[in-house]
Amino acid sequence: MKIAVIGPGATGCLFAGAMARKGQEVWVLDKDPQRAAKINSQGIICEGVSGNWKAAVKATTDPKDIVEPDLVVICVKTYDTKSAAISAKALLGPETSVLTLQNGIGNIELISEVVGPERVIGGVTNLGVTLIDVGKVRHAGKGETVIGRLDGSITVDLREIREAFIKSGFE
């Protein structure tokens, strides 16, 4: 599965690194060129309950570098949701889904307005993760991540996304 993660903060880095480590093609889309360059050179580094590991990921500030991912995961602060959704729209292929794993209210609605509600997957996670430095996280607590389509349907691609998360060590 080809996955683009928008937002290389704590949660974004943990998901990107863990999924890349388990064989997914993962890109990180960042608004900061220096941060993207550092993630490109060092990868994602994790310590904590999922072990101590490092994973190579591709990072860029240009959405054109990421061609039609299967999944876009938005992991930004609420105040950056609209710009992240616009970036996600630039990545969309005919079958691309957009998953939000964010705190806050109104993110699903904002993303739906930009990319269309049929593409959006809502998500919540109970993971404990702290950003230590650029591309370096401390995975402090395991927990369940729940995802679902807005209309409640359980589609083939939703099952594939679920399997990618499970394969990467997430409940």
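Before any of the text, the structure's been laid out above.
This report concerns the structure included in the present document. Here the structure is a predicted model, which is why all the values come from computation and not from measurement. (Residues numbered from 1 in each chain as written. Predicted model: local features only at pLDDT ≥ 70, side-chain atom pairs only at ≥ 80, totals over all residues. Heavy atoms only, no water.)

### So, the pairing of strand β6 (residues 71–74)
Remark: a regular strand shows side chains that alternate across the two faces of the sheet. Test applied: Only protein chains enter the area calculation, which uses a 1.4 Å probe; residues under 20% of their type maximum are buried, those over 50% are exposed, and those in between are partly exposed. Numbering of helices and strands starts at the N terminus; helices are DSSP runs of H or I of at least 4 residues and strands are runs of E of at least 2. Should DSSP find at least two bridges between two strands, the strands are regarded as paired. With the strands pointing away from the viewer, any crossover whose connection runs clockwise from the first strand over the helix to the second is right-handed.
Side chains of β6 alternate between two faces, with Leu 71 and Val 73 and Val 72 and Ile 74 buried alike. In this sheet, β6 lies alongside strand β1 (residues 2–6) in parallel orientation, the contact comprising four bridges. Counterpart to Ile 3 in the pairing with β6 is Leu 71. Bridge count between β6 and strand β7 (residues 97–100): four bridges; the pairing is parallel. Within the sheet, the bridge partner assigned to Leu 71 lies in β7 and is Ser 97. One crossover worth recording links β6 to the parallel β7 by way of helix α3 (residues 81–91), and it is right-handed.

### Some details on the sheet that holds strand β3 (residues 44–48)
For clarity, the cut-off: All axes here are fitted lines through C-alpha atoms, helices being fitted over the stretch that makes contact, and every angle between N-to-C directions spans 0 to 180 degrees.
The sheet built from four strands is open, its strands ordered β4-β3-β10-β9 with mixed pairing. Every interior strand has two partners, whereas the edge strands, β4 (53–55) and β9 (128–133), have only one. Across the sheet, the axes of successive neighbouring strands diverge by a mean angle of 25°, strand direction being ignored. With three bridges joining them, β3 and β4 adopt antiparallel strand pairing.

### Re the nonpolar core
How we decide: We call a set of buried Ala, Val, Leu, Ile, Met, Phe, Trp, Tyr and Cys residues a nonpolar core when their side-chain atoms join them within 4.5 Å. Here, two residues are considered to be in contact whenever any of their heavy atoms come within 4.5 Å of each other.
Of all hydrophobic cores here, the largest spans 34 residues; its most connected members are Leu 14, Val 26, Val 73 and Phe 165. Looking at this core, the elements with two or more residues in it are β1, α1 (10–21), β2 (25–29), α2 (33–42), β3, β4, β6 and α5 (156–167). The element that contributes the greatest number of residues to this core is α1, accounting for eight residues. Beyond its immediate chain neighbours, meaning those up to four positions away, Val 26 contacts Ile 3, Val 5, Ala 16, Met 19, Ala 20, Val 57 and Lys 58. Judged by nonpolar contacts, the second largest core, of 17 residues, contains Val 76, Ala 85, Ala 88 and Ile 111.

### Observations regarding the sheet that holds β7
Here seven strands make up an open sheet; going across it, the order is β5-β2-β1-β6-β7-β8-β11 and the pairing mixed. The open sheet has two edge strands, β5 (58–60) and β11 (145–149), and neither has a second partner. Averaged over all neighbouring strand pairs, the angle between strand axes comes to 20°, with direction disregarded. Taken together, the three bridges between β2 and β5 define a ladder with parallel strand orientation.

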